[in-house]
Every structure is written in C-alpha cells, then in structure tokens.
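Architecture and fold: a report
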Amino acid sequence: MQTVPAAVPEFIRDPKATVEHVEDIAVVGNLVNLVKGDEEQNTQDRKSDLKDIKTVALVVKEPKADFELQDVILDEIRENEVLVEMKYSGICKAFSSPDFN
Amino acid sequence: MIDFPAILGHEGAGYIRAIGRSVKNKSLRIGDPVLLSFATCGTCKPCTTSHPAYCTTHASVNHNAVRIGDRSTPARLADGTSIRSQYFGHSSFAKMSVVNEMCVVKCDYPDKMDIYAPIGCGFQTGAGTVLNVLKPGKDDSIVVFGLGSVGLCALMAAKYISARQIIAVDIVQEKLDMGKDLGATHTVNSREQADLAKTVKDITKGGATYAVDCTGTIPVIETMVECLAPLGTAAIVGVPPADKKISLDPLSFLLENKRLIGVIEGDSDPQEFVPKLVELQRQGHFPIEKLCRTYPVANMKEAIHDLHAGKVG
C-alpha cells in the first residue's frame, strides 16, 4: 500500500478542485537501489542518483490538442517508484478522445 | 480534472529499468516484464479492504496525473515546462516512464505483452464487472450495451461463466458479428429497433437479470434500466459525460425492486485479477487477441481514428 498521510488532503478528495500544483521538487540526495539480476536486495546501498532521464513521449499540450511526439526529461525516480521502459500501451477510447476534459 | 501539457496512456506494458529503494514488492528485478494498472490512495476504506478499484479518490488519483503525496510530476520539456506524467500512476504514452509501485503487476508471459497491456484498464473493467460483481448464473440473462473492448470482455466473461442468455447490443454490424463469434446468444442492432427495451424483454421473456452499459451515453443508460426484469441489476461501466443526468421512473424502479450500480475497473484488485485474466487468455477462455491491433507509435493518429470509427476494440 502506498504510504500516504492518513488524512488525505482536500485537493485529492475533490477531483475538480483547481490547486496550485507543486513543480519540479529538487530532492537532495535521492537514493535508489539498483537491483541487478539475482543480487540480494540487501547488499550495500549504492548511492547512485538516477536523475534527468532523457526519453520521448506523446504529449498533449492542451485540451483537444493532438498527441505530439516530443523529447521529455524525467526528473528522478523516488524510492516508491519504478522506471519502466514501455513496450506497448493500450489506447482506451474514454480517455483518448481529444474531447475528453 | 487534468492540467496540460500532459502525457496520457494508462494501459502500459514494458520492462523494469530501475527500482526505488522502498518499493514494497521485493520480488521485482530489473528486466522484469510488467503490466501496468491504475493507482490508488491506499488509505481509504475500499483500498484497505481489498477493493482498490473502488478507491474513493480514484478519479483524482488517476486523472490528475501527478504524484499523490506532493502533487509533483516527473516529466518536463527541455525548456523546463512541467508535464503531467503520472496519469493513472504511470502515463504509458512514453518510451520511459516513472511509475508508482502500486501500478506494477508482474507479467509471466512477455511474449504476448502486446495483447496483455490493455488488461490494465479496459479488459479488466469489462471482465471484472461480470466476474467480480454481477456474476450471472446459469439461469440468468445478461445484456451488454456497447461492444467496444469493455463490452466484448464482459461478453467473454459471461460466456466463460455460462450465463444462459447473453444479448449483445450495438449499432455497428461488425461489432455484432464479433459479439456472436465471442459467445453472444443474441445480437441486437439498436438502430433497427423501434423499442429496444421491448425487444430485450421479448428475448428474455420478461426482462434481463443483468445489464451492463459500456457506451456511457445517456439514452442507453436509461434504456438499460428499462430492460431489466424485476429484481434485475444494471451496471454503469462506460464513462458518461460530466454534468449530464439520466431520468428514470422511480415508482416502477421501486415496484420492480431493480438495482442500478456504478462499477469502476470491474472491482478488480489488479495484483490478483490481471494474472487471472492472463491465465484465462492462455486457456482460450478469454480470446482478447481478437480485439487487439498493434500500431507503431508513429501511427498514433491512425490508431485513434480506427478506435473511434469502431474498426478496432
């Protein structure tokens, strides 16, 4: 289960609330354990920063805009996250129409 | 609900390239093939009682496309513009994505990853509504409105558990033919019916025990309620337009003891349900390969056009 504060903040409870989104948090000393192959998970922590990953993505600039393939940079992976190289993605009609939202 | 610019995509499949230190699933390894499903808050009552699909913050946690804890987003353009990139916790329309750990389900059969990817949303929604929630029995009838992937998966699931009558309703003949091929006992082209509810009641001799709407359109949802037999249950599964209302006759609803429910993601617990559907596909009970067509990323526009034109599920 995701560790989220027990009191779920207001802006999460109301999906339509317009809230200032926090941008680009600079996390100091992000620790990521790179687990390779069959290595045991509890070998010494390797403090390597996995940051600023360059990749491409289909970006939608504004509602009803088309999908555009663009270069993007991924800031970092947090300790409760995983980096996935996407091979396939389904396209769901409900949420891919330019009219959605 | 979602700010722009954003990276959408919520049925991802790929390989793990890095693992955060405190990821709870300790069996994950770099290079593991995985399927990606929806995100949840993890703290509300449905989340803590094994109904993550019913997470009370499902809409914002998935559509806002930012991290739950601090509303930040991993992606940015070269010029620094922030891009919402945790749609459904994973934003799969990207070559690499930073994914919330809870979205990750191990895939034991990466050879068919292309057809398993949509299990993360569409397929489990249709199948789950029938297998986890409605559970029609051998004497029951079920009507499925709308034969996109969600509807066709509901149909396959109904066939798998041997519902007595499975009535498939759509306006596109190819979809109806596919429905017949996948196990519908009756197909109805709703454009050719003067009174769709009456047609269903005639076929079922009194009304359907269960009905599922996968169209998300107001008139169909209203008709769905009309089609039910007394004590029947209708499920709203397709996403209706925001701020629209349906109307129903509450007196007959009461006198016939009907039920109308909303079901998100088929009440699925992805860690358990996604592998189950993969198994069913391998056993031949869930032929989702018939619903899928794979397009290269460069043909995205064509793929979306075909999707909306009804050429592909």
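The structure presented is a predicted model; accordingly, all values stated were derived computationally and were not measured. (Residues numbered from 1 in each chain as written. Chains lettered and ligands numbered in written order. Predicted model: local features only at pLDDT ≥ 70, side-chain atom pairs only at ≥ 80, totals over all residues. Heavy atoms only, no water.)

1. Let's talk about the overall build of chain A
What counts is decided by this rule: Secondary structure elements are defined from DSSP: runs of H or I of at least 4 residues count as helices, runs of E of at least 2 residues count as strands, and each element is numbered from the N terminus. Three exposure classes are used, based on accessible area relative to the maximum for each residue type with a 1.4 Å probe and protein chains only: buried under 20%, partly exposed in between, and exposed over 50%. Only heavy atoms matter for contacts: two residues are in contact if any of them lie within 4.5 Å across the pair.
When its secondary structure is counted, chain A shows 1 helix and 3 strands. Counting helices and strands in the order they occur from the N terminus, chain A gives α-β-β-β. Among the 101 residues that make up chain A, the fraction classed as buried is 37%. The contacts in chain A between residues at least 6 apart in sequence include a share of 33% that link residues at least 24 apart.

2. Remarks on the overall build of chain B
As a reminder of what qualifies: Within these notes, the globule rule equals 2.2 Å times the number of residues to the 0.38 power, and the radius of gyration is based on C-alpha atoms. Asp and Glu are treated as the negative residues and Lys and Arg as the positive ones, with His and the ends of the chain left uncounted. Where a charge lies is defined by one atom per residue type: Lys uses NZ, Arg uses CZ, Asp uses CG and Glu uses CD.
Along chain B, the regular secondary structure elements total 11 helices and 13 strands. Here chain B has a C-alpha radius of gyration of 20 Å; the compact-globule value for 313 residues is 20 Å, and the two agree. Seen along its three principal axes, the alpha-carbon backbone of chain B occupies a region of about 60 × 40 × 35 Å. Per-residue burial for chain B yields a buried fraction of 58% across its 313 residues. Taking contacts inside chain B between residues at least 6 apart in sequence as the whole, the part at least 24 apart equals 64%. Once the 33 positive and 32 negative side-chain charges of chain B are each reduced to a mean point, those two points are 5 Å apart.

3. A closer look at the packing of aromatic side chains
Geometrically, a pair of aromatic rings is defined through the distance of the ring centres and the angle of the planes. Counted only if it meets this: For Phe, Tyr and Trp, rings pair up if their centres lie within 6.5 Å, where Trp contributes its six-membered ring, and each pair is then called stacked (planes under 30 degrees apart), edge-to-face (over 60) or tilted (otherwise).
Summed over the entire model, instances satisfying the criterion amount to 2 aromatic pairs over all chains. For the ring pair Phe 67 of chain A and Phe 93 of chain B, a centre distance of 5.4 Å and an interplane angle of 85° mean the geometry is edge-to-face. Highlighted residues: Phe 67 of chain A in strand S2 (residues 67–76) and Phe 93 of chain B in the loop between strand S5 (82–83) and strand S6 (96–100), drawn from two different chains. Looking at Phe 67 of chain A, the relative accessible area reads 18%, which means it is buried. Of the residues examined, Phe 93 of chain B reaches a relative accessible area of 8% and is grouped as buried.

4. A few points about the pairing of strand S10 (residues 186–189) of chain B
Under the convention used in this document: Any two strands with at least two DSSP bridges between them are considered paired.
For strand S9 (residues 165–170) of chain B and S10 of chain B, the ladder comprises 4 bridges, and the chain directions are parallel. For Val 169 of chain B, the partnering residue across the bridge sits in S10 of chain B and is Val 188 of chain B.

5. Structural notes on the packing of helix H7 (residues 196–204) of chain B against helix H8 (residues 218–227) of chain B
All names here are of chain B. So the rule is basically this: Geometry is summarised by axes, namely lines fitted to C-alpha atoms with helices restricted to the contacting stretch, and by angles between N-to-C directions that run from 0 to 180 degrees. Definitions for this section: a left-handed crossing has its near helix turned counterclockwise from the far helix by less than a right angle. A right-handed crossing has that turn clockwise. Basically, the charged four are Asp, Glu, Lys and Arg, the nonpolar ten are Ala, Val, Leu, Ile, Met, Phe, Trp, Tyr, Cys and Pro, and anything else, Gly included, counts as polar.
As a packed pair, H7 and H8 sit with axes 9 Å apart at the nearest point and diverge in direction by 35°. As for how H7 packs across H8, the hand of that crossing is right-handed. Listed contacts from H8 to Leu 196, Ala 197, Val 200 and Lys 201 of H7 are Thr 223, Glu 226 and Cys 227. Residues belonging to the contact of H7 with H8 are distributed by class as follows: 4 nonpolar, 1 polar and 2 charged.

6. Re the pairing of strand S12 (residues 228–236) of chain B
Residues and elements named next belong to chain B. Heads up, the condition is: By definition, the crossover connecting two strands over a helix is right-handed if that path, from the first strand to the second, turns clockwise as seen with the strands pointing away from the viewer.
For strand S11 (residues 208–213) and S12, the ladder comprises 5 bridges, and the chain directions are parallel. Within the sheet, the bridge partner assigned to Val 212 lies in S12 and is Ala 235. A crossover links S11 with its parallel partner S12, the connecting element being H8, and its sense is right-handed. Judged from the 4 bridges that link them, S12 and strand S13 (residues 259–262) form a sheet pairing that is parallel. Bridged to Ala 234 within S13 is Leu 260.

7. As for the confidence of the model for chain A
As a reminder, the rule being used: Each residue carries a pLDDT score, the predictor's confidence in it, ranging from 0 to 100.
The predicted model of chain A averages 61 in pLDDT, with 43% of residues at 70 or higher. Predicted confidence is poor over residues 1–49 of chain A, with pLDDT under 50, and the contacts of this stretch with residues over four places away or in other chains come to 85 contacts.

8. Focus: the side chain of Thr 233 of chain B
With respect to the helices and strands, Thr 233 of chain B occurs in strand S12. Leave out the neighbours within four places in its chain, and Thr 233 of chain B touches Leu 134, Thr 209, Tyr 210, Ala 211, Leu 228, Arg 259 and Ile 261 of chain B.

9. As for the side chain of Lys 258 of chain B
Residues and elements named next belong to chain B. Its location among the elements puts Lys 258 in the loop between helix H9 (250–255) and S13. According to the relative accessible area criterion, Lys 258 is buried, its value standing at 10%. Not counting residues up to four positions away in its chain, the partners in contact with Lys 258 are Val 225, Glu 226, Leu 228, Ala 229, Gly 232 and Phe 253.

10. What to know about the sheet that holds S5 of chain B
Read from one edge of the open sheet, 5 strands run S1(B)-S1(A)-S2(A)-S4(B)-S5(B), paired in antiparallel fashion. Edge positions in the sheet fall to strand S1 (6–7) and S5 of chain B, since each of these pairs with one other strand and no more. With 2 bridges connecting them, strand S1 (residues 51–60) of chain A and S1 of chain B associate as antiparallel partners. For Val 59 of chain A, the partnering residue across the bridge sits in S1 of chain B and is Ile 7 of chain B.

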